[in-house]
Structures are given as C-alpha cells and as structure tokens.
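Here is what each chain is made of, one letter per residue.
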Amino acid sequence: MWNGDKLKEQSYSNIKTVELNDITRTIVSWYAKSVDFIVNYLKSWEFYDSLNKAWITPNNITTFRIFLLIVWVMAFYTVNHIVGLSMITWSWILDVVDWKLARKFWKKSKEWETFDAWFDKITDIVLTVMGTIDLSKVSSILASANGWIGVAKTIQHVKSQFRKWRPTPEEQLDMTTKCILKDETTQYIDKPSSWAAINYWKYKTITQMSSQLGILWTTELAKLTELWLWKDVLDTTFVFSSAVSLVLWYFSIKWWKK
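These numbers come from a predicted model, not from an experiment.

1. Topic: the overall build of the protein
Okay, so step 1: Of regular secondary structure, the protein possesses ten helices and zero strands.
Okay, so step 2: When the helices and strands of the protein are placed in sequence order, the string is α-α-α-α-α-α-α-α-α-α.
Okay, so step 3: Looking at the protein as a whole, 45% of its 258 residues are labelled buried.
Okay, so step 4: Within the protein, contacts between residues separated by at least 24 positions form 80% of all contacts whose residues are at least 6 apart in sequence.
Okay, so step 5: A total accessible area of about 14,000 Å² is found for the protein, and carbon and sulfur atoms account for 68% of it.

Right, here's the structure in full:
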C-alpha cells in the first residue's frame, strides 16, 4: 500500500514549492538534454543509448507528450488534419519509447507509473471524442456506439486511477508536478509498484489508442484515395476494437484482485 504520509514528508514533491526557478531550470535542462541526445545519436546511431547518455528519462518523454497533445489538437483543427494526426501518432510511439527506456536502463519510478497512466487516459479520452465527432459525419450508429464505449472507458479510467491501491488525488498531483518540474529528484525503484501496468493493461492501452487513431486516419485516407466500402468496414472494425479494450480492462482488474 502506498504510504501517503511518507510522501507528504518529502518537501521536494510539494506542489506549493514550485517556483519560477523550477520552470527556468526545467527549460534549460530540456534544451541541454536535447542537444546532448542529438550529438550522441549522430556519433553512435544508438537511439536508446543516446537517450540514456543525455539523461533523458521516461518522465521527460511523457512531459514532452503533454506538449505534443496540446499542439496536435490545435494543429488538427487549425492547420492540417494530416499534420495533427502525424503528431499524435508520434506521441503514441513515444509511449512505447518511454516504456522501453524505463526497462532497458531500469528507470522505473512510482511517479512515472502514475504520471504515464494519467496521460494515457487523457489521450484516450481526447482521441475518443475526436473519433466520435469524425464518425458522426458518416454514420450515426457507429458514432453512437463509439460514444457510449467512450463513456464506459472514461468511467473505467476514473475507477482505475483512483483505486485504493493507488495514491490519493492530492498525492498524484504532487507526483505529476515532480515528474514535470523536479525530475532530477526522482528515485528509481527495483520492482514495479502494485499499480504498475501488467500485460492486459498494456494491450488495453494499445487497443484504445490504435482504434481511435485508426478511425481518424481512415477518414483522411478516404480523402486521398477511393476506399469505397472499405471505409465502413474499417470504421466498424476500429469501433469493435475499442469495445475489446473494455474486456481487456476487466481482465486486468480481475488479475489485480487475485
């Protein structure tokens, strides 16, 4: 069980201590790490080793994905759909990158396990809303189905993020602030926490992301080429895939209760 009292005793994680110098230091650190990564990568062409040598952490990557989330939504609706979708697809790929980085160089932390889970849930909710809006233009039945599945997923997200074995909302906010602005104080752990993702959970996340991205990409591809009935088939398949994620969530929770 997570020790909330111990967390509250750690002054570095208190959100009230966030100051302007934390933001400035974080921006400077990001710039330095980015330059180091590029230099190391050009020398070795080793992607993950270059990330590690530049002291880029899973928390850094998830923080960057937050930035991408804001930009890609704006780009999707104001600039170009292809540009926006390309950015969110890249964000999805980065979700795999931070997972591999954490395991390859043992950079797992309780903060990251909570921080990354939060962002995955927010991304899925945003994508589901966008996917439902997209489907409403071609099929009210599919849009309605995708929307109700989205409601069920949102309920699941809230339940899973605040289950008794997870930190309290205040503690999670504390941890998120630390991941973004005070990552250098993160302490890595030898074993995953009780709320860390298991295989069913990973499959669920992949299914959620790919299904909604598939809906959005299918619409854009249909504008570039004649998909004919294939668009209906693909849309239906992706909505069904989104429903499958509900089943995967059930099995992941069932496993935790054992």
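That shown, we press on.
2. So, the nonpolar core
Okay, so step 1: Of all hydrophobic cores here, the largest spans 22 residues; its most connected members are Trp72 and Leu127.
Okay, so step 2: Ignoring anything within four residues of it in the chain, the contact list for Leu127 reads Trp72, Ile88, Met209, Gln212, Leu213 and Leu216.
Okay, so step 3: Ranked by size, the runner-up nonpolar core spans six residues in total, among them Leu142, Ala143, Ile215 and Val239.

3. Topic: the side chain of Gln212
Okay, so step 1: Looking at the secondary structure, you find Gln212 in helix H9 (residues 199-224).
Okay, so step 2: A relative accessible area of 0% places Gln212 in the buried class.
Okay, so step 3: Polar contacts involving the side chain of Gln212 include one to the side chain of Asn146, which spans 3.1 Å.
Okay, so step 4: Excluding its chain neighbours within four sequence positions, the residues that come into contact with Gln212 are Asp124, Leu127, Thr128, Gly131, Asn146, Lys153 and Ser242.

4. Some words on the packing of aromatic side chains
Okay, so step 1: Overall, the coordinates contain nine aromatic pairs when judged by the stated rule.
Okay, so step 2: Taken together, a centroid distance of 4.9 Å and an interplanar angle of 80° make the contact between Phe76 and Tyr77 edge-to-face.
Okay, so step 3: Accessibility expressed as a relative area gives 4% for Phe76, which makes it buried.
Okay, so step 4: Relative accessible area serves as the criterion here: at 47%, Tyr77 is assigned to the partly exposed category.
Okay, so step 5: Aromatic ring contacts, followed pair by pair, group Phe37, Tyr41, Trp45, Phe47 and Tyr48 into a single cluster.
Okay, so step 6: The side chain of Lys108 reaches across the aromatic face of Trp106, ending 3.8 Å from its centre.

5. A look at helix H4 (residues 58-78)
Okay, so step 1: Taking 1.5 Å as the rise per residue, H4 with 21 residues should run 30 Å; its terminal C-alpha atoms sit 30 Å apart, in good agreement.
Okay, so step 2: Burial in H4 covers these residues: Pro58, Asn59, Asn60, Ile61, Thr62, Thr63, Arg65, Leu68, Leu69, Trp72, Ala75 and Phe76.

6. Re the pattern of salt bridges
Okay, so step 1: Throughout the structure, instances matching the rule amount to eight salt bridges.
Okay, so step 2: Put simply, Glu184 and Arg25 hold a salt bridge, and the shortest N to O gap is 2.9 Å. Taken together, the positions of Glu184 in the loop between helix H8 (169-181) and H9 and Arg25 in helix H2 (residues 20-44) put the pair 159 residues apart, joining distant regions of the chain.
Okay, so step 3: Taking the relative accessible area as the measure of exposure, Arg25 reaches 32% and is therefore partly exposed.
Okay, so step 4: Two residues, Lys223 and Glu220, come together in a salt bridge whose shortest N-O distance is 3.4 Å. Note that Lys223 and Glu220 are positioned in helix H9 at a spacing of three residues, about one turn of the helix.
Okay, so step 5: The class of Glu220 is buried, set by a relative accessible area of 6%.
Okay, so step 6: Counted as one network, the salt bridges with shared partners bring together Arg65, Asp95, Asp116 and Asp120.

Basis of the calculations
Residues numbered from 1 in each chain as written. Predicted model: local features only at pLDDT ≥ 70, side-chain atom pairs only at ≥ 80, totals over all residues. Heavy atoms only, no water. Helix = DSSP H or I, 4+ residues; strand = E, 2+ residues; numbered from the N terminus. Buried < 20%, exposed > 50% of the residue type's maximum accessible area, 1.4 Å probe, protein only. Contact = heavy atoms within 4.5 Å. Areas by Shrake-Rupley, 256 points an atom, 1.4 Å probe, with all protein chains shown as cover. Core = buried A, V, L, I, M, F, W, Y, C linked by side-chain atoms within 4.5 Å. Polar contact = N/O pair within 3.5 Å; in protein donor to acceptor, adjacent residues only side chain to side chain. Phe/Tyr/Trp six-rings, centres within 6.5 Å; stacked < 30°, edge-to-face > 60°. Lys NZ or Arg CZ within 6 Å of the ring centre and 35° of its normal. Expected span 1.5 Å × (residues − 1). Salt bridge = Lys/Arg side-chain N within 4 Å of Asp/Glu carboxyl O.

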